Amino acid sequence: MAYKIQLNKEKLRKELSPLEYSVCLKHGTEAPFQNAFWDHKSKGIYHCKCCKTVLFSSETKFDSGTGWPSFFAPVDRKDIEELEDNSHGMVRIEVRCAACGSHLGHLFPDGPAPTHLRYCINSASLDFQEEVS
């Protein structure tokens, strides 16, 4: 797929940590309960680490008990790309940033109302901007 924002992998290799690069550009994952946002309670907006597109809000974040940040909805569904993922002997839905293609995590049908969806997202793929009171 051609994304509207083309990522410069060499530039990102210098700017991102090895874990962030692995998650965002090589579809890796981070350890549960050992990442920046799994238990993050501040109010604000979560952006794509690679292109800064707005993706999720603290208003839709919930504690899924999985050890990764979980959201029941993105800020705008058009900013999320969903793709079938058959890796690791499972059938899942991979979630990517629709603007740049960065891997974010996976989507599961076991979230809370009103959507009953769980966007299980790697902290390494996100930046956070705290709400100013």
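Residues numbered from 1 in each chain as written. Predicted model: local features only at pLDDT ≥ 70, side-chain atom pairs only at ≥ 80, totals over all residues. Heavy atoms only, no water.

Caption draft 1: Structural detail: the packing of aromatic side chains. Applying the stated criterion across every chain, the model contains seven aromatic pairs. Aromatic pair Phe56 and Phe71: ring centres 4.4 Å apart, planes at 20 degrees, arrangement stacked. Highlighted residues: Phe56 in strand 2 (residues 54–57) and Phe71 in strand 4 (residues 70–71), separated in sequence by 15 residues. Take Phe56: its relative accessible area is 0%, and that puts it in the buried class. The class for Phe71 is buried, based on a relative accessible area of 0%. Grouping aromatic residues by their ring pairs yields a cluster made of Phe37, Tyr46, Phe56, Phe71, Tyr119 and Phe128. (Phe/Tyr/Trp six-rings, centres within 6.5 Å; stacked < 30°, edge-to-face > 60°. Helix = DSSP H or I, 4+ residues; strand = E, 2+ residues; numbered from the N terminus. Buried < 20%, exposed > 50% of the residue type's maximum accessible area, 1.4 Å probe, protein only.)

Caption draft 2: Quick peek at the sheet that holds strand 1 (residues 44–48). Across the sheet, which stays open at both edges, the three strands sit in the order 2-1-9 with antiparallel pairing between neighbours. Looking at which strands have only one partner, the edges of the open sheet turn out to be strand 2 and strand 9 (126–130). The mean inter-strand angle of the sheet, taken between neighbouring strand axes irrespective of direction, is 30 degrees. Alignment of strand 1 against strand 9, held across five bridges, turns out to be antiparallel. Following the sheet pairing, Gly44 is matched in strand 9 by Glu130. (Pairing = 2+ DSSP bridges. Axes fitted to C-alpha atoms, helices over the stretch in contact; angles between N-to-C directions.)

Caption draft 3: Structural context of the nonpolar core. In this structure, Cys50, Leu55, Phe56, Cys97, Tyr119 and Ile121 are the most contacted members of the largest nonpolar core, which totals 24 residues. The greatest single-element share of this core, amounting to three residues, is contributed by helix 2 (residues 18–26). Aside from chain neighbours lying at most four places away, what touches Ile121 is Glu30, Phe56, Trp68, Pro69, Phe71, Val95, Leu104, Gly105 and Leu126. (Core = buried A, V, L, I, M, F, W, Y, C linked by side-chain atoms within 4.5 Å. Contact = heavy atoms within 4.5 Å.)

Caption draft 4: Layout of the pattern of salt bridges. Evaluated as defined, the whole model comprises twelve salt bridges. Ionic pairing is found between Lys49 and Glu20, a salt bridge with its closest N-O pair at 3.1 Å. Of this pair, Lys49 sits in the loop between strand 1 and strand 2 while Glu20 is found in helix 2, placing the two residues 29 residues apart along the sequence. Relative accessible area serves as the criterion here: at 14%, Lys49 is assigned to the buried category. (Salt bridge = Lys/Arg side-chain N within 4 Å of Asp/Glu carboxyl O.)

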